[in-house]
Each structure stands twice: as C-alpha cells, then as structure tokens.
Amino acid sequence: MSSNNVPTVKLLINGEFVESQTEQWRDVINPATQEVLARVPFATQDEINAAVASAKQAFKTWRKTPIGARARVFLRYQQLIRDNIKELAAILTAEQGKTLADAEGDVFRGLEVVEHASAVGNLQLGELANNVAGGVDTYTLMQPLGVCAGITPFNFPAMIPLWMFPMAIATGNTFVLKPSEQDPMVTMRLVELALEAGIPPGVLNVIHGGVDAVNAICDHADIKAVSFVGSTHVGTHVYNRAIQSGKRAQCMMGAKNHAIVMPDANKQQTLNNLLGAAFGAAGQRCMALPVVVLVGEARNWLPELARLAQTLKINGGVEPGTDIGPVVSCSALERIHGLIQKGIDEGAELVLDGRNPTVSGYEKGSFIGPTIFAGVKPEMTVYHQEIFGPVLCVMQADKLDEAIELINANPNGNGTAIFTRSGAAARRFQEDIDVGQVGINVPIPVPVPLFSFSGSRGSKLGDLGPYGKQAIMFYTQTKTVTARWFDEDEVAGAVNTTIALK
Ligand code: NAD
C-alpha cells in the first residue's frame, strides 16, 4: 500500500514481488468510473538492471532444464488460468474498460498460447540427415537465446503478455516483461499464477515504466531479443534501437483494417459481423474493422448498418448486456473526439454521431458510442490515421478490383476481410490482397496458435511473428552440427584439401 491507501503494483525480480524505490508513479484508473485502482511505478535503472541480472543468472540452469519439465509448467499454468478466468476478466474490465465477456475472450486467446507452449517438446525438435557423407550425420539444435524481453500495449493486457513470455520461457529462455503502464494489474495476476505453476525465480521478471524503461530494454547488452506490440511510431523506434544494439526484434504495430462487402453477401450476417468488429472493445483492437468498402449494390446497405449500430448498448463493462464499454482513458477519448472533428472539417459525412452519450451511473466515464462516417476519401485524416475508437469509415467501390486496389494502396497490412457468397470472389481476394491476415466471412481473422500472427507491411517490423511456429524460430538460434565418429581401428585415410565432405 502507498501512503494514500491505494495499492501499489509490484515489480517481480528474482522470484520476489518487490516495492519499487522510484519517485515516479502513475495512477491506474478505472475508465468507467475514474476511480484510482492502484499506482504503478516507473522502475529505476538499478531495478531494471537487477531484473535483467536475475534473468541472466537463471538462464544458466533454465536452459538445461529438461524439455518435459518446462512443458509441465505450462500444463499446470493453463489449468490455473482456466480456474481463475472470471477473476482475471474482472480485474481486466476494471482497469481497461472492455466488457466482462470480451475480457474473458482476451484471457482465453492468451490461454490458447499457453496450451500451445505446453507442446514445446514437439515444437522445438531439430532435424537430422543421416549419412550426408561417408559416416557423417548433420543435425540441428534449436537453442534458446538467453534473456528476452517483451513490451506490451494497453488493449490486450492478458492476451499479448501471454503471446510472449510462455513461448520464450518454454523454449528455454528467461524473460523480462514490461506491461502497459495503463493497465498492468491483470498482467501481474497472470504473472503470480505463472509462478504458482512452477516458473522458477529469475526465469520471469517484470518491470514497469514508460519511455525510459523501454529504451533501457532496447539498449541493455544482456538482452538478446525484444518482442514489442503497440503503436507504429513507438514500434519503429523500438525496432531500430534494438537492432542497433545487436538484438533480434519483432514489432507488431498499428493498423487500418478494411472489410469488403460484396452485394451477394448474406446481408444480416454481414452487418452483424461488421458491427461487432468495428465497435466491439470500443474499437480498440488492432484487428478491428474501422473501414468498410461497400461494393456495387451493397452501397445501399449503409442506412441499415447505421440503424443497427444505434441499437448497441453502451454501459460500464460489468453491466450484463453491455456491447460497448468506455475507451481506456480520458486522453484517448479526447484524441478520438479530435479526429472526429477533423473528419467533419475535411468533408466526411457524419452519418452517426456517438459523441457524449448519456451513461447513467457512469457520468464520469470515458464513453463514446458507435460513430459512422460516409463519403470517406483516402486523403482524409480519419482514413489514414489509426483512430482506435468506435469510429467506422464507410467507403464505396464499383467493383471488387477497385476495392482491392484501395486496400493495397494503404500502408498497413494487419488484417482484412471479405464478405461474399462467391468462392471465386473470395479466392481472388485471398490471392491478390497484400495484407497478412485475411478473413473470408470472418471479420477478425486472428490466427489460433497452431499458426502465427502474421500482420504484414506497415503493421510489422521483423520477419517472424508472435506465437506458433514463428515464435519458436524467433526465440531460438539454430545450431547445425556435422558429426563423424571414427572407429578406433579405422585406418587413417588421405588428407582432404577440398571443401567436399568425403
Ligand atoms: P503504445 O505504442 O502507446 O504503447 C506500447 C508500449 O510502448 C507500452 O508498453 C508503452 O509503455 C510503451 N511506450 C509508449 N510510448 C513510448 C515511447 N514514446 N517510447 C518508448 N516506449 C513507449 O501503444 P498502446 O496505445 O498501448 O496500444 C495501442 C496500439 O497498439 C495501437 O496502435 C494498436 O494498433 C497497436 N496494437 C497492435 C497489435 C498488433 O498485433 N499489430 C496488437 C495490439 C495493439
């Protein structure tokens, strides 16, 4: 507890939850009520160094811990998350604002990665080629890198930390996590459960903070790899800084995802899917659908879309039947209002204005309802900037090709979707669209962890994505061994002065 009776968020260093000695703190605020839930420290450089040192020390033994023992930690961990999912969702809703059902979804999508991490024995297998030359075998070892670090955003405070440390630790690395300073509490509860599952002291460490902590991670000589998820401008900075100091880096960044609606699509299903994807989580998902391109006759569906959007219920995230909770903070709300005003000023048509809704019982909350712009043009700010709120831009195209061209001209490549009953149109779309994650009648095509998250172009830096096979590659170094064993009684052959194996 701090002096004013608000709980403090702890650091995790070498298996101990400790109070930071910093002078710099920030409030964690419930966005529905503005109640201060906790205070989060901005860790000092000494504390960050201590976290990295403990991870470096723990790596010496963890890297040699049998793969089955590592896997069993994650088998226990997935059960603990499952048993505590309601409590985790409640913490998440209180500090972030999304509805309880959506908060459970956030935890569940992370839980799927933990389940996958428990299969590490199969995932981290090397390869072997027998007799590549006379009596010579070649095989690969997929060895852990050392201390890895993760930097996470506010919008999925359960799922995204779980994209990172389970895969890194299961493959034999140790980890330093820096959660979002806006909503670190559910992350810390997940970390407590990870220790309960058997992660040894020093293998997982947590520091808190902002710019300085992120820069310290990027610069630290003992950190070998950095995984980042967040906005494009911060991700680009993190990538460049981490690469410059000789690290591996993967950065999943901002988005502007488009859905194409063909006139032959199932109308009711499509409209329901669009509403969920554009306005669910108050539009604060990197895989949300903030742009819809209505093709041909589907252009006439706009009034029905706007009418249905008005039926969505805005309320505190804990109230049953809520569709849209508050956005994460008053400053986020202010930024969204500013962008809506910009849209009006630049000539987009405000078809539905969700600003300043009345939410009884939550008068201080940072709420905004579904907002729809029509007549949006590529040069408008509401189109080319990520709004990260419940604001949908509606555009039009005569033909599928025109819509594909529009999407391919956008610099982002996180996700996209098409709604159609035509297999030919869907196949054309999947083939020609230059976006890393494609939905066919699926509005938010986030891959399950049998695959990897594969956003592309401006939405990603680094070749390998989080979780799935690509995460195994990211968190390991391939060592290739070429071996020959001589029999004691073998007669010495001639000296080989060529490069060929004989
Ligand atoms: P953010 O970039 O503001 O913050 C991400 C992390 O970076 C946080 O831990 C924060 O403390 C740190 N940070 C913030 N400003 C910094 C700075 N100037 N220098 C160094 N570090 C800094 O992102 P956010 O607002 O928390 O999250 C929303 C953004 O994340 C959106 O752009 C969204 O599209 C993106 N996102 C992308 C994905 C994806 O997979 N592509 C997933 C989730 C969120």
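What you are looking at is a predicted structure, and each value in this text was computed from that prediction instead of being measured.

Parameters at a glance
- Here the residue index of a chain counts from 1 through its sequence in written order.
- Where local features are concerned, this predicted model is filtered to residues with pLDDT of at least 70; where side-chain atom pairs are given and counted, the filter is 80 or more; whole-chain, interface and lining totals use all residues.
- Excluding hydrogens and water, the side-chain values take into account all heavy atoms of the structure.
- Domain ranges listed in this record stem from an automatic or a database domain assignment.
- Note on contacts: a residue pair qualifies if any of its non-hydrogen atoms lie within 4.5 Å across the two residues.
- Take a side-chain nitrogen of Lys or Arg and a carboxyl oxygen of Asp or Glu: if they are within 4 Å of each other, that pair is a salt bridge.
- The aromatic pairing rule takes the rings of Phe, Tyr and Trp, using the six-membered ring of Trp, and pairs them if the centres are within 6.5 Å, calling planes under 30 degrees apart stacked, those over 60 edge-to-face and the rest tilted.
- A run of H or I in DSSP becomes a helix once it reaches four residues, and a run of E becomes a strand once it reaches two; helices and strands are each numbered from the N terminus.
- Only protein chains enter the accessibility calculation, which uses a 1.4 Å probe; a residue whose area is less than 20% of its type maximum is buried, one above 50% is exposed, and one in between is partly exposed.
- Placement of a charge over a ring requires the Lys NZ or Arg CZ to be within 6 Å of the ring centre, with the centre-to-atom vector within 35 degrees of the ring normal.
- When we say a residue is near a molecule or strand, we mean one of its heavy atoms is within 4 Å of it.
- N or O atoms closer than or at 3.5 Å make up a polar contact, with two conditions inside protein: a donor-capable atom paired with an acceptor-capable one, and, for residues adjacent in sequence, both atoms drawn from side chains.
- Throughout, the Shrake-Rupley method with a 1.4 Å probe supplies accessible areas, and for residues the shown protein chains are the sole cover considered.
- The angle between two axes is taken between their N-to-C directions and runs from 0 to 180 degrees, where each axis is a line fitted to C-alpha atoms and a helix contributes only its stretch in contact.
- Any angle between 65 and 115 degrees counts as roughly perpendicular, while under 35 counts as roughly parallel, over 145 as roughly antiparallel, and the rest as oblique.
- In this scheme, strands are said to pair when DSSP sees at least two bridges between them.
- A patch is a set of surface residues, each over 30% in relative accessible area and not in a salt bridge, joined within 9 Å for like charges and within 5 Å for the nonpolar side chains Val, Leu, Ile, Met, Phe, Trp and Tyr.
- For the charge count, each Lys or Arg is scored as positive and each Asp or Glu as negative, with His and the chain ends excluded.
- Note that the charge is assigned to NZ on lysines, CZ on arginines, CG on aspartates and CD on glutamates.
- To estimate the expected span of a helix, count its residues, drop one, and scale the result by 1.5 Å.

## Things to note about the domain arrangement of the chain
Split into domains, the chain comes out as domain 1 (11-253 + 467-481) and domain 2 (258-440). On a C-alpha basis, the centres of domain 1 and domain 2 stand 31 Å from each other. Residue-level contacts link 15 residues of domain 1 with 22 residues of domain 2. Joining domain 1 to domain 2, the criterion identifies one salt bridge.

## Thoughts on the packing of aromatic side chains
Overall, the coordinates contain eight aromatic pairs when judged by the stated rule. Relative to Tyr 77, the ring of Phe 74 lies with its centre 6.4 Å away and its plane at 65°, an arrangement referred to as edge-to-face. Of this pair, Phe 74 and Tyr 77 both sit in helix 2 (residues 67-83), three residues apart, roughly one helical turn. Each member of the pair, Phe 74 together with Tyr 77, is buried. Pairing Phe 474 with Tyr 475 gives two aromatic rings, centres 5.0 Å apart and planes at 80°, and the pair type is edge-to-face. Overall, Phe 474 belongs to the buried group, its relative accessible area being 3%. By way of ring pairs, the aromatic residues Phe 74, Tyr 77 and Phe 165 are connected into one cluster. A cation over an aromatic ring shows up here: Lys 98 above the ring of Phe 156, its NZ or CZ 4.0 Å from the ring centre.

## With respect to the site of the ligand
As a structural note, the neighbourhood of the ligand is formed by 27 residues, with Thr 152, Glu 181, Ser 231, Met 253 and Glu 386 the closest of them. Between Glu 181 and the ligand, the recorded distance is 2.6 Å, taken from a side-chain N or O atom to an oxygen atom. Side-chain polar atom of Ser 231 to an oxygen atom of the ligand: 2.6 Å apart, as the coordinates give it. Protein burial of the ligand: of its 840 Å² of free accessible surface, 87% is covered by the chains. Elements with a minimum of two residues in the shell around the ligand: helix 6 (159-170), helix 8 (211-219) and strand 10 (223-229). Counting the residues that make up the shell around the ligand, at least three belong to each of domain 1 (11-253 + 467-481) and domain 2 (258-440).

## Regarding the packing of helix 3 (residues 85-96) against helix 7 (residues 185-196)
Relative orientation and spacing of two packed helices are given, respectively, by the angle between their axes and the distance between those axes. Contact pair helix 3 / helix 7: the axes reach a minimum separation of 8 Å and the direction vectors enclose 155°. What the angle tells us is that helix 3 and helix 7 run roughly antiparallel. Only Met 185, Val 186, Arg 189, Leu 190 and Leu 193 of helix 7 make contact with helix 3, whose side of the interface consists of Glu 87, Leu 88, Ile 91, Leu 92 and Glu 95.

## What to know about the pattern of salt bridges
Across all of its chains, the model carries 18 salt bridges by this definition. A salt bridge links Lys 86 to Glu 104, with the nearest nitrogen and oxygen atoms 2.7 Å apart. You can see Lys 86 sitting in helix 3 and its partner Glu 104 sitting in helix 4 (residues 100-117), a full 18 residues away along the chain. What makes Glu 104 partly exposed here is its relative accessible area of 24%. When the shortest N-O distance is used, the salt bridge between Glu 87 and Arg 189 registers 2.9 Å. One end of the pair, Glu 87, is in helix 3; the other, Arg 189, is in helix 7, with 102 residues separating them in the sequence. Residue class for Glu 87 comes out partly exposed when judged on its relative accessible area of 34%.

## Remarks on the sheet that holds strand 6 (residues 136-144)
The strands making up a sheet associate through backbone hydrogen bonding, with each pair oriented either parallel or antiparallel. Taken together, three strands build an open sheet; the order of strands is 5-6-22 and the sheet is antiparallel. A strand with exactly one partner marks an edge of an open sheet, and here the two such strands are strand 5 (128-133) and strand 22 (476-484). Across the sheet, the mean angle from the axis of one strand to that of its neighbour is 30°, orientation sign disregarded. For strand 5 and strand 6, the ladder comprises three bridges, and the chain directions are antiparallel. Its bridge partner lying in strand 6, Ala 133 is registered against Val 136.

## What about a negative patch on the surface?
On the surface, a cluster of negative charge is made up of Asp 487, Glu 488, Asp 489 and Glu 490. For Glu 490, a relative accessible area of 46% translates into the label partly exposed.

## Considering the sheet that holds strand 13 (residues 291-295)
Taking strand neighbours across the sheet as the criterion, the seven strands line up as 14-15-16-13-12-18-19 in an open arrangement whose pairing is mixed. Of all the strands in the sheet, just strand 14 (349-352) and strand 19 (438-440) have a single pairing partner and so form its edges. Strand-to-strand twist of the sheet, defined as the mean angle between neighbouring strand axes without regard to direction, takes the value 25°. Of the strand pairs in this sheet, strand 18 (residues 416-419) and strand 19 are connected by three bridges, and their pairing is parallel. Bridge pairing in strand 19 links Ile 418 to Ile 440. Packed onto the sheet, helix 12 (residues 330-345) meets strand 14, strand 15 (371-374) and strand 16 (391-397) and runs at close to 25° relative to strand 15.

## Details of unusual backbone geometry
One non-glycine residue, Ala 281, adopts positive backbone phi at about 55°. Positionally, Ala 281 belongs in the loop between helix 10 (267-279) and strand 13. Relative accessible area serves as the criterion here: at 11%, Ala 281 is assigned to the buried category.

## Regarding helix 3
Taking 1.5 Å per residue, twelve residues should reach 16 Å; helix 3 reaches 16 Å between its end C-alpha atoms and fits that length. Listing the buried residues of helix 3 in full gives Ile 85, Leu 88, Ala 89, Leu 92, Thr 93, Glu 95 and Gln 96. Where helix 3 is buried, its residues meet strand 3 (25-29), strand 4 (36-41), helix 2, helix 4 and helix 7. Taken from the residues just after helix 3, Gly 97 is the one with a positive phi, measuring 105°.

## A few points about the environment of Ile 260
Among the secondary structure elements, Ile 260 is positioned in strand 12 (residues 258-261). Classification of Ile 260 as buried rests on a relative accessible area of 0%. For the pair Ile 260 and Val 291, spaced 31 residues apart in sequence, the C-alpha separation works out to 8.8 Å. When residues no more than four places from it in sequence are discounted, the contact partners of Ile 260 are Val 293, Val 295, Leu 400, Ala 403, Ile 404, Ile 407, Ala 417, Ile 418, Phe 419 and Phe 429.

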